[in-house]
Amino acid sequence: MGSATSSSGFPDFLDLAADQVAEGLLGCEIERKLDGETVVVRIVETEAYDEMDEASHTFRGRTPRNEVMFSEPGHLYVYFTYGMHYCCNVVCGPAGHGAAALIRAVEPVEGVESIERRRGIPGKAATNGPAKLCEGLGIDLEMNGHDLRREPLVLRERQLSDGEIVARTTRIGITRAADRVRRYLIAGNPYVSRPA
DNA sequence: GACAAGATTTGCT
DNA sequence: GCAAATCTTGTCG
């Protein structure tokens, strides 16, 4: 994994393959500035996708929608689905390979009230799902392609706490390549969308 | 140009 | 546990 919190705080492993990035993102923080407020959350669950994956948006090549997944690692790929939900991913390397790590669940660290107000629901139910956390953090298509090194949405590397262990399982909500073990989560964390 | 499916969430039975 | 809500994207004709 990356070194223990580099000076800039920005992860140095994002140019690696999707699975390594997905695992490395666990424990990392996202700082979101919106409406004059600052919200900080900690990533507790992710999933890996890339061109060789039948379940990935990039499996059948480049399209207007997935173009961002082929851009520089460290950018945000946001997509709209089911006619009402947004989900966000961190673009992974190597650059131009159409890979990304879906952020499936986060744990509030700061500004919980702001998240709950936007979601209209208190507690872990406010951020324990890909579309839920996007709504809670006010992320939509306007953030597609955003550079995560800049405000108002910044990604910072953080180590897992002592005793925290990474668990791997098959992914959730997909029908193709459903048997591939590419979902990563912090074992036992109460904010994950579903236990391991 | 038309149609089916979708990296989900929520509410009701 | 199951189905509805809701609409964009990709694929096929």
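See above for the structure.
Residues numbered from 1 in each chain as written. Chains lettered and ligands numbered in written order. Predicted model: local features only at pLDDT ≥ 70, side-chain atom pairs only at ≥ 80, totals over all residues. Heavy atoms only, no water.

In the region of DNA strand B, 22 residues are neighbours, and His57, Tyr79, His85, Asn89 and Arg119 sit closest. In DNA strand B, atoms within 4 Å of the protein come from the sugar-phosphate backbone in 52% of cases. Taking His57, its side chain carries an N or O atom lying 2.8 Å from a phosphate oxygen of DNA strand B. Contact distances for DNA strand B include 3.3 Å between a phosphate oxygen and a backbone N or O atom of Lys132. For the surface near DNA strand B, the elements supplying multiple residues, two or more each, are β3 (76-81), β4 (85-91), β5 (100-110) and α3 (130-136). Per-element accounting of the surface near DNA strand B gives the leading share, three residues, to α3. Grouping the constituent residues of the surface near DNA strand B by class yields 11 nonpolar, eight polar and three charged. (Near = heavy atom within 4 Å. Polar contact = N/O pair within 3.5 Å; in protein donor to acceptor, adjacent residues only side chain to side chain. Helix = DSSP H or I, 4+ residues; strand = E, 2+ residues; numbered from the N terminus. Nonpolar A, V, L, I, M, F, W, Y, C, P; charged D, E, K, R; others polar.)

Every α-helix carries 3.6 residues per turn, so stepping three or four residues along brings you back to the same face. Of all the residues in helix α2 (residues 112-119), the buried ones are Ser114, Ile115 and Arg119. On an axial view of α2, the arc spanned by its buried residues comes to 125 degrees, and they lie on one face. Summarising the contacts, the buried residues of α2 are in contact with β2 (37-49), β5 and α3. Among the residues trailing α2, Gly120 stands out with phi positive, at a value near 80 degrees. (Buried < 20%, exposed > 50% of the residue type's maximum accessible area, 1.4 Å probe, protein only. Arc of directions from axis to C-beta. Contact = heavy atoms within 4.5 Å.)

Before going further, it helps to examine the pairing of strand β1 (residues 29-34). In terms of strand pairing, β1 meets β2 through six bridges, oriented antiparallel. The partner of Glu29 across the bridge, within β2, is Arg42. What sits between β1 and β2 in their antiparallel hairpin is a turn of two residues, with Asp35 showing a positive phi close to 55 degrees. Pairing analysis gives four bridges linking β1 to strand β6 (residues 153-156), with the strands arranged antiparallel. Bridging from a neighbouring strand, Glu29 pairs with Arg156 of β6. (Pairing = 2+ DSSP bridges.)

This part takes up the environment of Val78. Mapped onto the fold, Val78 is located in strand β3. Distance in space between the C-alpha atoms of Val78 and Ile30 is 15 Å, their sequence separation being 48 residues. Setting aside anything within four residues of it in sequence, one finds Val78 in contact with Tyr86, Cys87, Cys88, Ile139, Asp140, Leu141, Met143 and Asn144.

All quantities given are derived from atomic positions and should not be read as evidence of function.
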